[in-house]
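An overview of the molecular structure
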Amino acid sequence: MSRRSKKAAPAPGAARPTVTVCRGCCCGTRAKVPRLDHEAQLTDLRTQLASIATVRRTDCLDACERANVIVIQPSAEGRKAGGRPVWLGQVNDPDAAADIAAWVKGGGPGLADAPDVLDLYTFSPSRRVRHEFEG
């Protein structure tokens, strides 16, 4: 693939939400989370959100103790409405990924309330990790 054909990662405040799925040293490995089909989870999110959000894979979000980690960044409109990135950990069940997809389809952070069940997965990463991710 040439450099021109690669899509650049959206900048913070992009027109659509961004769903970042960790698939590094711990997240996305059968050694850490053996009962989940990690590739199927990523494929399902990409399929369900293809026209709504950017779904990207990253090597490590440095929150390995919470594998699998997914971060939902708001769209530009969601950010203007007060939405901020939401970090979700231990997303190790297909129903959780479906809840994430439904929320993002509804607008995501700032535009739609997250399903209550996602409160079980929400966490705040360290300031260092948050700064590196958002910066």
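Our subject is the structure that appears above.
Every chain is numbered on its own, with residues counted from 1 as its sequence reads. Only residues with pLDDT of at least 70 are given local features in this predicted model, and only at 80 or more are side-chain atom pairs given and counted; all residues enter the totals for whole chains, interfaces and linings. Only heavy atoms go into the side-chain values, all of them from the structure, while hydrogens and water stay out.

**Focus on the packing of aromatic side chains**
Put simply, the rule is: Pairing of aromatic side chains here covers Phe, Tyr and the six-membered ring of Trp, requires ring centres within 6.5 Å, and sorts the geometry by plane angle: under 30 degrees stacked, over 60 edge-to-face, intermediate tilted. Strands are runs of DSSP state E lasting at least 2 residues, helices are runs of H or I lasting at least 4, and numbering of each runs from the N terminus. Under the scheme applied here, a residue whose accessible area is under 20% of the maximum for its type counts as buried, over 50% as exposed, and between as partly exposed, the area being computed with a 1.4 Å probe on protein chains only.
Considering all chains together, one arrives at one aromatic pair under this definition. Between the aromatic rings of Trp 87 and Phe 123, the centroid separation amounts to 6.0 Å while the plane-to-plane angle is 75°, which identifies the pairing as edge-to-face. Here Trp 87, found in strand β4 (residues 86-88), pairs with Phe 123, found in strand β5 (residues 122-123); they are 36 residues apart in sequence, far enough to count as distant. Look at Trp 87 and you get buried, because its relative accessible area is 2%. On the basis of relative accessible area, Phe 123 is assigned to the buried category, the value being 8%.

**Here we look at the pattern of salt bridges**
Note the cut-off: Salt bridges are counted wherever a side-chain nitrogen of Lys or Arg sits within 4 Å of a carboxyl oxygen of Asp or Glu.
What the rule picks out here adds up to one salt bridge. Its salt-bridge partner being Arg 57, residue Glu 39 comes within 2.7 Å of it at the nearest N-O pair. Of this pair, Glu 39 sits in helix α1 (residues 38-48) while Arg 57 sits in strand β2 (residues 54-58); the two residues are 18 residues apart in sequence, bridging distant segments of the chain. Glu 39 gets classed as partly exposed once you look at its relative accessible area, which sits at 41%. Residue Arg 57 is classed as partly exposed on the basis of its relative accessible area of 40%.

**Things to note about α1**
What counts here: Directions from the helix axis toward the C-beta atoms define the arc. In this analysis, two residues are considered to be in contact whenever any of their non-hydrogen atoms come within 4.5 Å of each other. Between N or O atoms, a polar contact is any pair within 3.5 Å; within protein, one atom must be a potential hydrogen donor and the other a potential acceptor, and residues adjacent in sequence are included only when both atoms are from side chains.
Residues of α1 that are buried include every one of His 38, Gln 41, Leu 42 and Leu 45, and no others. The arc that holds the buried residues of α1, viewed along the axis, is 95°, so those residues lie on one side. Where α1 is buried, its residues contact β1 (18-22), β2, β3 (70-73) and α3 (94-105). The N-terminus of α1 is capped by Asp 37, whose side-chain oxygen sits 3.4 Å from the backbone nitrogen of Glu 39.

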